[in-house]
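Here is what each chain is made of, one letter per residue.
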Amino acid sequence: MHQLSPTRFLKTALLWLSCLITFTTYAAVPTPAPPDVAASGYLLVDFHSGKVLAEKGAGNRLEPASLTKIMTAYAVFRELKEGNINLEDSVLISEKAWRTPGSRMFIEVGKKVKVIDLVKGMIIQSGNDACVALAEHIAGSEATFTELMNNIARELGMTDTHFTNSTGLPDDDHYTTPADIAKVASATIRDFPEYYPWYSDKSFVFNDITQHNRNKLLWRDNSVDGIKTGHTEAAGYCLVASAQRESMRLISVVMGTKGEEARAQASQSLLNYGFRFYETHQLYTAGEVLNRARIWKGDKEKLPLGLSQDLNVTIPRHQYQNLDARMEIEPKIMAPVKQGEVLGHVSISLNGEPVTEAPLVALKSIADGNIWQLIKDSALLWLE
């Protein structure tokens, strides 16, 4: 057996102690405050956990400019998913769509254009004309389509949002907030993974005209794969960006900056901050059995409990080992129980501070037991 000399042993011990002190000191350093970027409002949120990592004026009503098109596209994607329209459908271009001011994909009045081209023209080129053409094709008029947008906004919990058009052209009653825009951006990534990759396309050619995506981060950061820029004189320069590094995805919303470069730099600063100082972990998956609880007077004695949705947490880096999970379950669960019924909760804390909580639900239904099971369990309950 190899033995260390006293001198070498001492040097080794000091080296290990030095490493331990260095690690402890590093782990104890508090997370620095996020960068305070020059914008009317901004938000940085983790896609999987919903944890807000940075914000300023995230609940303030602001003009969204072409960030509106994130909702326009979401409504179009829903119509595609429900089979009401098809990507290969031909859309007759109206004079209203053709005359719509602002950025455009240069469609021509009286011509027919496929839905897929209009969608790409809306997403990549930010074509206002494409938005109106799609709105009219889906709902008959842009005004009716705008009602659809507002209905979806309410479904998504966008309580401080109101749209008056599909394009984002200025209107006193057309507004949203950074927090609300983050909701529809997150819903787009979650609900339409088959269409979301279009947001990373850097250019699109239509009518022999090549136009480039205005999101500069697509060229600067390989982890960025969307989402949308916006600009009017009243709204300033806006950008919703999303990036994924390994299994962590962040969404940044920056509204009301002074220029194209300013919105790009502000967004990049927020994303870099989030990835540098935080990490996201999936603790439990939906449907995973976390406990088998005793159920009384049912046709089964054990009830599997778990979560209806994946449970993710975003925490400061190097703190995973300090997480603690606890379950609280109803003391006496009686049949019948329906699948999805809430019967407790899971609480997650970090260093004694609460992080998140999720309802613990029945993963299957349990019916009433037969007469023998009812008598047996009644006796056992009486003896407790």
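Everything below is about the structure shown above.
Values in this document were obtained by computation on a predicted structure and should not be read as measured data.

## A word on helix 7 (residues 178–191)
Over its 14 residues, helix 7 extends 20 Å from the first C-alpha to the last, a length consistent with the 20 Å expected when each residue adds 1.5 Å. The buried fraction of helix 7 amounts to 11 of the 14 residues, a majority that puts the element mostly inside the structure. Where helix 7 is concerned, the buried positions are Pro178, Asp180, Ile181, Ala182, Val184, Ala185, Ser186, Ala187, Thr188, Ile189 and Asp191. On the buried face of helix 7, the contacting elements are strand 1 (41–46), helix 2 (68–81), strand 7 (224–232), strand 8 (236–245) and strand 9 (248–257).

## Quick word on the pairing of strand 6 (residues 209–212)
Bridge count between strand 5 (residues 203–206) and strand 6: 4 bridges; the pairing is antiparallel. When the bridges of strand 6 are listed, Ser203 appears paired with His212.

## Here's the deal with the packing of helix 2 against helix 6 (residues 142–155)
As a packed pair, helix 2 and helix 6 sit with axes 10 Å apart at the nearest point and diverge in direction by 95°. It follows that helix 2 is roughly perpendicular to helix 6 by the angle criterion. In this structure, helix 2 uses Thr68, Met71, Thr72, Tyr74, Ala75, Val76, Arg78 and Glu79 to contact helix 6, whose residues at the interface are Phe145, Leu148, Met149, Ile152, Ala153 and Glu155.

## A look at the sheet that holds strand 9
Within the open sheet, the 5 strands sit side by side as 2-1-9-8-7. Their pairing is antiparallel. Each edge of the open sheet is held by one strand with a lone partner, namely strand 2 (52–56) and strand 7. Strand-to-strand twist of the sheet, defined as the mean angle between neighbouring strand axes without regard to direction, takes the value 5°.

## Structural notes on the sheet that holds strand 14 (residues 323–329)
If you trace the 6 strands from one edge of the open sheet to the other, you get 14-16-17-12-11-15, paired in mixed fashion. Edge positions in the sheet fall to strand 14 and strand 15 (333–334), since each of these pairs with one other strand and no more. Here strand 16 (residues 342–350) pairs with strand 17 (residues 353–362) via 8 bridges, running antiparallel. Counted as the bridge partner of Ser349 is Pro354 from strand 17. Sitting on the sheet, helix 10 (residues 371–383) is in contact with strand 11 (291–296) and strand 15, with an inclination near 100° to strand 11.

## Some words on the packing of helix 2 against helix 4 (residues 115–123)
Axis separation between helix 2 and helix 4 bottoms out at 10 Å; the angle between their running directions is 160°. When the axis of helix 2 is compared with that of helix 4, the two are roughly antiparallel. Our pair here, helix 2 against helix 4, has a crossing hand that is left-handed. Across from Lys69, Thr72, Ala73, Val76 and Phe77 in helix 2, the residues of helix 4 making contact are Val119, Met122 and Ile123. Taken together, the residues of the contact of helix 2 with helix 4 sort by class into 6 nonpolar, 1 polar and 1 charged.

## A short note on the packing of aromatic side chains
A full pass over the atoms with the stated rule returns 8 aromatic pairs. An aromatic cluster is built from Tyr74, Phe77, Phe192, Tyr195 and Trp198, whose rings are joined through pairwise contacts. Positioned over the ring face of Trp296 is Arg294, at 3.9 Å from the centre of the ring.

## Some words on the side chain of Asn312
Its place among the elements puts Asn312 in strand 13 (residues 311–316). The contacts of Asn312, once residues within four sequence positions are left out, are His48, Ser49, Thr280, His281 and Gln282.

## What to know about the nonpolar core
Grouped together as the largest cluster of nonpolar side chains are 63 residues, with contacts concentrated most on Met71, Phe77 and Leu118. Once you skip the residues sitting within four places of it in the chain, Phe77 turns out to touch Val119, Ile123, Thr188, Phe192, Tyr195, Trp198 and Tyr199. In this structure, Val37, Ala39, Leu44 and Ala54 belong to the second largest nonpolar core, which totals 22 residues.

## Regarding the pattern of salt bridges
Counting across every chain of the model gives 17 salt bridges. With a shortest N-O distance of 3.4 Å, Lys216 and Glu261 are connected by a salt bridge. Residue Lys216 is located in the loop between strand 6 and helix 8 (217–220), and its partner Glu261 is located in helix 9 (residues 260–277); the two are separated by 45 residues in the primary sequence. Salt-bridge contacts for Arg249 lead to Asp225; the nearest nitrogen and oxygen are separated by 2.8 Å. Taken together, the residues Arg249 in strand 9 and Asp225 in strand 7 connect sequence positions 24 residues apart. The pair formed by Arg249 and Asp225 is uniform in burial state, with each residue classed as buried.

Calculation criteria
Residues numbered from 1 in each chain as written. Predicted model: local features only at pLDDT ≥ 70, side-chain atom pairs only at ≥ 80, totals over all residues. Heavy atoms only, no water. Helix = DSSP H or I, 4+ residues; strand = E, 2+ residues; numbered from the N terminus. Expected span 1.5 Å × (residues − 1). Buried < 20%, exposed > 50% of the residue type's maximum accessible area, 1.4 Å probe, protein only. Contact = heavy atoms within 4.5 Å. Pairing = 2+ DSSP bridges. Axes fitted to C-alpha atoms, helices over the stretch in contact; angles between N-to-C directions. Parallel < 35°, antiparallel > 145°, perpendicular 65-115°, else oblique. Left-handed = near helix turned anticlockwise from the far one by under 90°. Nonpolar A, V, L, I, M, F, W, Y, C, P; charged D, E, K, R; others polar. Phe/Tyr/Trp six-rings, centres within 6.5 Å; stacked < 30°, edge-to-face > 60°. Lys NZ or Arg CZ within 6 Å of the ring centre and 35° of its normal. Core = buried A, V, L, I, M, F, W, Y, C linked by side-chain atoms within 4.5 Å. Salt bridge = Lys/Arg side-chain N within 4 Å of Asp/Glu carboxyl O.

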